[in-house]
Structure formats: structure tokens, C-alpha cells
2 protein chains.
Amino acid sequence: MLKQYYQDKIKVIDETLDRMLMRQQALPPVIYDAMRYSLFAGGKRLRPILLMAAADAVGAKGTNYLPVACGLEMIHTYSLIHDDLPAMDNDDYRRGKLTNHKVFGEGMAILAGDALLTQAFEFILSQPGVEAQILVAVTREIAAAAGPAGMVGGQVVDLFSEGKRLDYDTLRYMHQAKTGALFKAALRAGGMLAGASEQHITALTEYAEQFGLAFQITDDILDVTGTQAEIGKPVGSDERNDKATYVTLYSLDTAGQLAAQAVGAAHAALNGFGDEAAILRQMVDSLLSRTN
Amino acid sequence: MLKQYYQDKIKVIDETLDRMLMRQQALPPVIYDAMRYSLFAGGKRLRPILLMAAADAVGAKGTNYLPVACGLEMIHTYSLIHDDLPAMDNDDYRRGKLTNHKVFGEGMAILAGDALLTQAFEFILSQPGVEAQILVAVTREIAAAAGPAGMVGGQVVDLFSEGKRLDYDTLRYMHQAKTGALFKAALRAGGMLAGASEQHITALTEYAEQFGLAFQITDDILDVTGTQAEIGKPVGSDERNDKATYVTLYSLDTAGQLAAQAVGAAHAALNGFGDEAAILRQMVDSLLSRTN
């Protein structure tokens, strides 16, 4: 059921992104190529799917919110392009493909990221069928989650912690800001766009926090237990880069237990939901068996 | 009168930016320092002042729209930080001060730009006292003007034209996209936020186009006739960089005439306005005697 849901949603997300990025005829073609290169480089579309699954979970139709959902994917993609730059993580490969700056050059990669981030807001604000006041609130939350108190702030901590062993609190803050904030914005946006009750939105927020934690821990585990083909980068790179992770900070076993705990807490957060939340439940379960 | 208007407006703009950037206690301090460094590096605040003057021109109170106005300044500042990067124009100085990456490093400068751009949208969408539907429309226009069909697109052309002599059409496109689009968004936003008539907004749009043209031509003239102290960068750098400008493409005399023509056309665009548009008229006039 989850597999089918993913397939269906990825199809409409990719179609929407393709159409949205095609509409701009005035673009100098090369920036358009650079934006599309990373946007269609095999992303899992997790953030737009979380948004739609949250809307589904409160009885609305997730696919009604594709402009906002796809905007989140554009913001996520911009952050990957900038993170990979030589002045940041200096990565040559992502998901087994050359990174944006290796293909288009550093200047163009910076601009492709800037363009994706900016255009994301344009697309998000083109969302039809939603009260303008709600759209303003949703977009503000997304901007806050992506900004210096969220994603950018997490990347700042990451940049400054290279070669340092972070303590647990700093590690937790970094991940909450860098990855967790946008997950949370995705799930809350799904609820808000669908007109969910305060109670449901609070539950989605709690689910998002546990989902983000489980996602990060399993990411760290995968860096040790995955294969290069699966994860698209050399295995054990965190250890070699002396990066603080849940595995280096604890052990593989303890990290696995912490992930399972977070998944349990995510389920508990959804207690007040019926079968409409089945996908959200399966999504967080699937983190425990992720291979990429 | 213009001088007093500028002084008053710059004061409230700077106070607002200071307050807006202070509110974020959760920021890792260094990103906050990097953002503020460029935001308070002596900018002329032209875009927020244009927005407020447009609102004044249609009988509203420009200072009511400080969140949107200051958001424009943050977007402008982010674009300067990224333009100065080694992978772009590779400038060490701007307005006589070290550029952001020379002070904070390249990675932090990229992130400071990203943070300013993202937070700009958060602040713009916090604008009170405006119908949500209008705020959505205004923010969408700003995003479109700053994105790949606007500012970023202009920078792409700039990046690719280094060492090439652009023809007139390409030069015009580059400036319209890189600088003109955000001027236009500023003036239209001022009108839209103030609830101006369609006719007035069309007139402000035409004024904006002529203002942008006059601004760019006088910028090119200044690169030849200004002093380093005035313009904050070495005189004649366009010529040395073999950059196409209105002066290299025509002559100093012809460029001066084209600038005067644009100023005349900007005045004509404001024919339907009364004394409330006095500041807009003085602003475009002042371009002909600019020294920075």
C-alpha cells in the first residue's frame, strides 16, 4: 500500500515540477538546465509526500496541494546544491551522480540554488483553492523553517563542527534545524492547508518531530550498514570525516533502539487519528528498514 | 525636501531591519553577524524607499509597509553577497568595505545570503494591515522579480558575458532582469499594498521601467566619471574588465542623453499624479546628479 502511494505521488510531483519549471520560457536556458538537473536527480520526494499524507490524514485530498508540496521539494533541492559546494561539504557525488557544481560550475550552482529557493516561494504562493490568510501563514512557516533559525542555521552548525566531536545537545539541535524543521513545516502545512483542527495540527507536529529524529538516526545507521550502491556515497564517510553521529556517539545497537523509540512515539502522536493516517504510520515504520 | 525624506526613511528602515534581525534569538550568532554585516554596510535603501514613495504617491502612508519594504532590502543585500563571491564577480570590496566572504569566509557568505533571502519572505509575509489576498499577490511578484526570470536570470547573463562585448539587446535584458525587475516590484508593491487603482499601478510600472533604465545608465557613467571614494570601488573597472556598458557601447555624451530621456519618460508616466508624487519625481531627477 505504501509502495503504491509513493509511486502515485512521485508521479504527480514529478509531473508538476516538470510543468512548473517548463512554464518559465524567459529563463536563460542554462540556469533552467542546472535547476532541473538537481531537481530530477532521483530525490525521494519525502517532504512533498509528507505534506500530502498529512492532508490525507485529516480527511482532505493531498494532491490538491501540489504547488506548496513541490515548493518544499525545490527548497530541499536548493539546500542540497549549496551544501555540496566546495566552500561547504565539497562533495563530488550525490545519489551516485555528479553534484551540481561539478557539472555546471560553482557560480552556476550557487545561482541554481538561489533560483530554486526564490521560485519555490512563487510557486507556493500560487496554490489555488486555499484561503489567502491560511496560505500566508503556511508560507511564513515554511520560510521560517528554511531560514537562519531552521535549515540554514543547522547548516551553519554543521559547517563549524567539521572535525569536531559534537555533544548530544548540539547534534540534536543541528539535525532539528537542518532537517527536522522542514519536515515539521511539511506536516503542519499539510494540516493547515486542509483546514485541520488545532488538536490535529499539534499531533502532526509531534509526529513530525519523532519522524525527523527517526530519520536522522537511521541515516546515521545507514552510513555504516548500507552499501555504496544503496546510499549513493562511500560507506563510512561520517566515521572517516570524524563526524559526530548517533552511531559514533552511542553504538549501532543503541542507535537502533533510539530509532525504534522515536517510531513508537510517532505512532503514539497519531492516536487520535483513524485509518486516514495509515500512510503516515507506514511512512515512519519504513524508516526502520530504509536502504537509502 | 528629498534629502529630508531620505533621512527620515533610512532611519525607520534601519531601525526596522535592526529590530527584525534582533528578534531571532535562536540564530547561531555568527550567521547573524554575517547577515548584519552586509545589511548595515552603507546601502542606499533605494528599493524600500521606492516602495514607500509609491505608496505615498497614491495617497497612502509608505511607512505602514515597512516589513515588505525591508524584505526588499534583504533580498537586494543577499544578491550583492552572492554576486561578490569568488565563483561570481570575485570582488574584495564593496562600498569601500571588505565583501562578506573576505570577512566571514566563503561558506558563511553563501549561507548569509541564503538566510537573508529566506528570512526576507518571512518578514514580507508578516506585513500587518493588508488584505491577505493582496499580500499573497505582492509577495508572488517579488519572488518572480528576484527569481530566474528576474534578478537571478540577469546574474546568469552577467556571469556568462564576462570578457564578451554584449550587444544592446542583451545588455538591456541583463539590466532589466538583474536590477530593473526588483525596482519594478518595489514600485508596484507600494501601489498594490496601498490599494491603488489599476491605472495608477500601470503608471508606477512605467515609471519603474524608466527609473531602472536611468539608474543603470548613470551607474555606467559614474564608473567613468566618479571617484573611488564616491563609488567605493576602483574607477574605470568596467572598462578594464572589458564589460559592456552604456558608455563603452555608445559614448559618455550619448549615454548622458539616454539617461535624460529616461528621466523625462519617468516624469511623463507620472502625469496623472498630483503633488503626492513629488518624491518619486525628485528621486528620478536625482539620478542625473548621482555621485554614488
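Presented here is a report on the structure given in the accompanying data block. Because the structure is a prediction, the values reported are computed rather than measured.

1. Topic: the overall build of chain A
Inference 1: Helix and strand counts for chain A come out as 15 helices and two strands.
Inference 2: Its C-alpha atoms give chain A a radius of gyration of 18 Å, near enough to 19 Å, the size a compact globule of 292 residues would have.
Inference 3: Counting only C-alpha atoms and orienting by the principal axes, one finds that chain A spans roughly 50 × 50 × 35 Å.
Inference 4: Looking at chain A as a whole, 59% of its 292 residues are labelled buried.
Inference 5: Of the accessible surface of chain A, which amounts to about 11,200 Å², a share of 50% is contributed by carbon and sulfur atoms.

2. Description of helix H3 (residues 46–57) of chain B
All names here are of chain B.
Inference 1: Between the first and last C-alpha of H3 there are 16 Å, a value that for 12 residues agrees with the 16 Å anticipated at 1.5 Å per step.
Inference 2: Across the 12 residues of H3, 12 count as buried, placing the element largely inside the fold.
Inference 3: Of the surrounding elements, those touching the buried residues of H3 are helix H1 (2–22), helix H4 (66–83), helix H9 (168–193), helix H10 (198–225) and helix H15 (278–286).

3. Considering the interface of chain A and chain B
Inference 1: With 46 residues of chain A at the interface, the matching set in chain B holds 46 residues.
Inference 2: Interface of chain A and chain B: buried area, both sides summed, is about 3,700 Å²; carbon and sulfur atoms make up 80% of it.
Inference 3: Considering only the side of chain A, the residues that lose the most area to chain B are Thr-118, Leu-125 and Pro-148 of chain A, jointly responsible for 16% of the buried surface there.
Inference 4: For the pair chain A and chain B, the number of links is zero salt bridges.

4. Observations regarding the packing of H1 of chain B against H3 of chain B
Residues and elements named next belong to chain B.
Inference 1: Their axes nearest at 10 Å, the elements H1 and H3 cross at an angle of 115°. With respect to their mutual orientation, H1 and H3 come out roughly perpendicular. In this structure, H1 meets H3 at a crossing whose hand is right-handed. Here H1 contributes Tyr-5, Tyr-6, Lys-9, Ile-10 and Ile-13 to the contact with H3, which in turn contributes Leu-46, Pro-48, Ile-49, Met-52, Ala-53 and Asp-56.
Inference 2: The residue makeup of the contact of H1 with H3, split by class, is nine nonpolar, no polar and two charged.

5. Considering the environment of Ile-134 of chain A
All names here are of chain A.
Inference 1: By the secondary structure assignment, Ile-134 is in helix H7 (residues 132–146).
Inference 2: Owing to a relative accessible area of 26%, Ile-134 belongs among the partly exposed residues under this scheme.
Inference 3: Note: C-alpha distance between Ile-134 and Ala-194 (60 residues apart in sequence) is 9.7 Å.
Inference 4: Beyond its immediate sequence surroundings of up to four residues, Ile-134 is in contact with Met-192 and Leu-193.

6. Notes on the packing of aromatic side chains
Inference 1: Counted by the stated rule, this structure contains 13 aromatic pairs over all chains.
Inference 2: Here Phe-121 of chain A and Phe-121 of chain B contribute two aromatic rings whose centre-to-centre distance is 4.4 Å and whose plane-to-plane angle is 15°, an arrangement assigned as stacked. Remark: Phe-121 of chain B occurs in helix H6 (residues 106–124) and Phe-121 of chain A occurs in helix H6 (residues 106–124); the pair is interchain, linking two chains.
Inference 3: The buried category is assigned to Phe-121 of chain A, whose relative accessible area is 0%.
Inference 4: Here Tyr-168 of chain A and Tyr-246 of chain A contribute two aromatic rings whose centre-to-centre distance is 6.1 Å and whose plane-to-plane angle is 80°, an arrangement assigned as edge-to-face.

7. Thoughts on the relation of the copies chain A and chain B
Inference 1: Mapping chain A onto chain B calls for a screw motion: a turn of 180° about the axis and a shift of 0.0 Å along it, with 0.0 Å RMSD after fitting. Those values place the two copies in the arrangement expected of a two-fold rotation axis. Closest to the rotation axis within chain A is the C-alpha of Ala-132 of chain A, separated from it by 2.6 Å.
Inference 2: A shared binding surface is used by both copies, with 100% of the interface residues of chain A retained as interface residues in chain B.

8. Digging into the pattern of salt bridges
Inference 1: This structure, assessed with the given rule, holds 22 salt bridges over all chains.
Inference 2: Between Lys-102 of chain A and Asp-92 of chain A there is a salt bridge whose closest N-O contact spans 3.8 Å. Remark: Asp-92 of chain A occurs in the loop between helix H4 (66–83) and strand S1 (93–94) and Lys-102 of chain A occurs in helix H5 (residues 100–104); sequence separation between them is 10 residues.
Inference 3: Between Lys-178 of chain B and Asp-83 of chain B there is a salt bridge, and its shortest N-O distance comes to 3.6 Å. One end of the pair, Lys-178 of chain B, is in helix H9; the other, Asp-83 of chain B, is in helix H4, with 95 residues separating them in the sequence. Taken as a pair, Lys-178 of chain B and Asp-83 of chain B share a single burial class, namely buried.
Inference 4: One continuous salt-bridge network, built from bridges that share partners, spans Asp-14, Arg-45 and Glu-73 of chain A.

9. Some points on the packing of helix H10 (residues 198–225) of chain A against helix H15 (residues 278–286) of chain A
All names here are of chain A.
Inference 1: Interaxial distance between H10 and H15 falls to 11 Å at its minimum, and their mutual angle equals 20°. If you check the angle between H10 and H15, you find them roughly parallel. As H10 packs across H15, the resulting crossing turns out to be left-handed. Contact with H10, carried on its side by Leu-204, Tyr-207 and Phe-211, involves Leu-280, Met-283 and Val-284 of H15 and no other residues of that element.
Inference 2: Residue composition of the contact of H10 with H15, by class: six nonpolar, no polar and no charged.

10. Here we look at the side chain of His-101 of chain B
Inference 1: In this structure, His-101 of chain B sits in helix H5 (residues 100–104).
Inference 2: The class of His-101 of chain B is buried, set by a relative accessible area of 9%.

Parameters at a glance
- Residues numbered from 1 in each chain as written.
- Chains lettered and ligands numbered in written order.
- Predicted model: local features only at pLDDT ≥ 70, side-chain atom pairs only at ≥ 80, totals over all residues.
- Heavy atoms only, no water.
- Helix = DSSP H or I, 4+ residues; strand = E, 2+ residues; numbered from the N terminus.
- Rg over C-alpha atoms; globule rule 2.2 N^0.38 Å.
- Buried < 20%, exposed > 50% of the residue type's maximum accessible area, 1.4 Å probe, protein only.
- Areas by Shrake-Rupley, 256 points an atom, 1.4 Å probe, with all protein chains shown as cover.
- Expected span 1.5 Å × (residues − 1).
- Contact = heavy atoms within 4.5 Å.
- Buried area = accessible area lost by both parts, 1.4 Å probe.
- Salt bridge = Lys/Arg side-chain N within 4 Å of Asp/Glu carboxyl O.
- Axes fitted to C-alpha atoms, helices over the stretch in contact; angles between N-to-C directions.
- Parallel < 35°, antiparallel > 145°, perpendicular 65-115°, else oblique.
- Left-handed = near helix turned anticlockwise from the far one by under 90°.
- Nonpolar A, V, L, I, M, F, W, Y, C, P; charged D, E, K, R; others polar.
- Phe/Tyr/Trp six-rings, centres within 6.5 Å; stacked < 30°, edge-to-face > 60°.
- Least-squares fit on C-alpha atoms with pLDDT ≥ 70 in both.

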